[in-house]
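Coordinates in review
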Amino acid sequence: MAEFSVTVSTGEAIGAGTWNKIAVSLVGTRGETPPLRLDHPGKEFSAGAVEDFQVASPQDVGPLLLLRVHKAPLLLPAPVGPVARDAWFCRWFQLTPPQGAPLRFPCYQWLEGAGSLALRAGAAKVPWADDHPILQQQRQDELKARQDSYHWKTYSPGWPHCLDEKSVKDLDLNIKYSVMKNSCFYLKVSSAITELKLKGLLDRKGPWKSLNEMKRMFNFRKTPAAEYTLEHWQEDTFFASQFLNGLNPVLIRRCGHLPENFPVTDDMVAPVLGPGTSLQAELERGSLFLVDHGILCGVRTNLINGKPQFSAAPMTLLYQSPGGGPLLPLAIQLSQTPGPASPIFLPSDNKWDWLLAKTWVRNAEFSVHEAVTHLLHAHLLPEVFTMATLRQLPHCHPLFKLLIPHTRYTLHINTLARELLIAPGQVVDRSTGIGIGGFSELIQRNMEQLNYSVLCLPEDIQARGVKDIPNYYYRDDGLKIWGAVESFVSEIINIYYPSDASVCEDGELQAWVWEIFSEGFLGRESSGMPFSLETREALVQYVTMVIFNCSAKHYAVSAGQFDSCVWMPNLPASMQLPPPTSKGQTRPEGFLATLPPVNATCDIIVALWLLSKEPGDQEGEGESHLLSVPFTQPCGWFPAAPGHLPRGALHRGGSPAEHRDLPEPPDPDLKGDPGAEPGAGTALHLPGPSAH
């Protein structure tokens, strides 16, 4: 009979401890022990505890393969009966045999109710590395259990499929907000709503009395970036700069020729271009850029306070002045159909005509950003990546370990959005100009044209022809981060996949890719989304794409929402009057009457304030072990780890003065040590959807 020392670490989160009985079975090549109770005098498994136990194995099970953990309610004498089956967050087990080195079995998950869980030692394993039938069966059993727990559903026709749960109350503890984050979230919601109700704003359905009155929103919350927006929102340079470094820096593209339905003439733009040049000359020089919101053409609109709202599908022509000067707007047309009722607005027009035209563009930016860039690209697609990862990759798979930190809270925040944001009667339905119906149309339209290259930043920058436009910090910082992620991913892939053939032979990997293609991109081959991967190079790009879109890009298009919208005229969520059909008619009172009503303004600002906040508990109980488990070979440095990445590198509130370069990489000879303690040299962390 062999004596083993078992050390157990319980998480520190609120409610992590348990009163339940815990036992372990040792599973080896020659058999499995019965459950061995972990017990000593006093209370076991309190939050934050690290405890040692002694167990005696009644048999020789051979080389150890698994540690099976059993959890059952504590039985007390009648009439008390069993203690409630409370959840337990286990961080890890460490098993020390009579002779030999200790074995660490990471868990880092909640165990709810009664049941058993098979744990492996920490090393990542691709499928063919498991040469014992017990380990192979464990992989299959784990995936079947997850597939039974996480089901797909169609939320809306034409949308990516999503998790089949109606409420966050129904979610597994392992994908829910922590108690602390959940409490902070609802406290912020209630405090914001209470504050605006007491100020008499949230329930006021009428229009704003003046632009000056709108400054009252700064008494709610203000930031340096928001104050910068207030100061500069009417300036042409600031208007144009937001296409590069604002909330939606993904639409601007170089204009090789003017669209036929945008008949701008030389005379129109001569005041901005100056003498000695022409539209054709500037087109040939590559200094003209286009932002086309044509996806909004004919989109359905909403009712707010019983009043119909309006939408436009503008086209904006921009000019990059020589010598690295500012980007400037040249012309705006508020529809896709030119004609007498759709004039082209110019900087030389009446001040209020021009300001109103720019504000219509900003309203279009709100609609496209929130429905497509943010909801679809930064939430719904990452939910697909998350679901496929949970359903098709076991915990021990190196790609699971690599990807799972970037999916933290994705399923919770998206389920919450389906409850509180995009459901009937909720924020999008109450307070946006295109409502749920318009959001759904935009997502369906974008899904029909969405291409894999759009999700791969280097290809997207190339396709839009913006690789050399000055002061484009989203591109500059984004490419640095993409390159750093790609380098890190490449090293990991090359460790576990020795050849292209090994990529093809990984059935779990291929099932993961297929499920993303079929459930997320609805099997649409024209998307260019891979349905299988055949080379290491393709795998590196694909994994880099997933990480970048779940983390850096999401942060770039999300974190500045409040900064951009708290001064509402900069990013109005709705427009109460139709787009102008002639020039010279706009007056200050007409401009004001076009903007959203007071209650809708407050509703949107509260929502975007919450969506712009940090998660509240960035270091999760289960986060650190997943990528910091020592790999089999050294991993290269990752320059975009939190200590090196400047805060706000991808969103600078529209102020070029806030740009900061990424730091120089550390000494290239400093590599992660495969023998180091967990957490040394191998963790790859970027902000993820959990924040927003």
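This report concerns the structure included in the present document. (Residues numbered from 1 in each chain as written. Predicted model: local features only at pLDDT ≥ 70, side-chain atom pairs only at ≥ 80, totals over all residues. Heavy atoms only, no water.)

Looking at the environment of Glu260
You can see Glu260 is positioned in the loop between β14 (253-254) and α6 (266-273). Sequence separation of Glu260 and Gln336 is 76 residues, and the distance between their C-alpha atoms is 10.0 Å. (Helix = DSSP H or I, 4+ residues; strand = E, 2+ residues; numbered from the N terminus.)

Details of the packing of helix α8 (residues 351-392) against helix α10 (residues 410-420)
At their nearest, the axes of α8 and α10 sit 9 Å apart, and the two run at 130° to each other. Classed by the angle they form, the pair α8 and α10 counts as oblique. Two packed elements cross with a definite hand, and for α8 against α10 that hand is left-handed. Here α8 contributes His379, Leu380, Pro382, Glu383, Thr386, Met387 and Leu390 to the contact with α10, which in turn contributes Thr410, Leu411, Ile413, Asn414 and Arg418. Of the residues that constitute the contact of α8 with α10, the class distribution is 6 nonpolar, 4 polar and 2 charged. (Axes fitted to C-alpha atoms, helices over the stretch in contact; angles between N-to-C directions. Parallel < 35°, antiparallel > 145°, perpendicular 65-115°, else oblique. Left-handed = near helix turned anticlockwise from the far one by under 90°. Contact = heavy atoms within 4.5 Å. Nonpolar A, V, L, I, M, F, W, Y, C, P; charged D, E, K, R; others polar.)

Observations concerning the packing of aromatic side chains
All chains considered together, the criterion is met by 21 aromatic pairs. The interplanar angle of 75° and the centroid separation of 5.1 Å between the aromatic rings of Tyr177 and Tyr409 together place this pair among those described as edge-to-face. Note that Tyr177 is positioned in the loop between β13 (162-163) and α2 (179-198) and Tyr409 in the loop between α9 (398-403) and α10, a separation of 232 residues in sequence. Given a relative accessible area of 7%, Tyr409 falls into the buried group. By the ring-pair criterion, three or more aromatic residues cluster together here, those being Phe45, Phe53, Trp88 and Phe93. (Phe/Tyr/Trp six-rings, centres within 6.5 Å; stacked < 30°, edge-to-face > 60°. Buried < 20%, exposed > 50% of the residue type's maximum accessible area, 1.4 Å probe, protein only.)

Digging into the pattern of salt bridges
All chains considered together, the criterion is met by 25 salt bridges. Measuring nitrogen to oxygen at the nearest pair gives 3.0 Å for the salt bridge that ties Asp349 to Lys583. Pair noted here: Asp349 is in the loop between β20 (344-345) and α8 and Lys583 is in the loop between α20 (561-565) and α21 (588-594), with a separation of 234 residues, a long-range link. Residue Asp349 is classed as buried on the basis of its relative accessible area, which comes to 17%. Here Asp603 and Arg430 are joined by a salt bridge, their closest N and O atoms 2.8 Å apart. (Salt bridge = Lys/Arg side-chain N within 4 Å of Asp/Glu carboxyl O.)

So, the sheet that holds strand β5 (residues 50-57)
With respect to topology, 4 strands assemble into an open sheet ordered β5-β1-β9-β10, the strand pairing being antiparallel. One side of each edge strand has no neighbouring strand; the edge strands of this open sheet are β5 and β10 (103-111). The sheet shows a mean angle of 25° between the axes of neighbouring strands, direction not considered. Across 7 bridges, the pairing between strand β9 (residues 88-96) and β10 is antiparallel. Considered in β10, the bridge of Trp88 is made with Leu111. (Pairing = 2+ DSSP bridges.)

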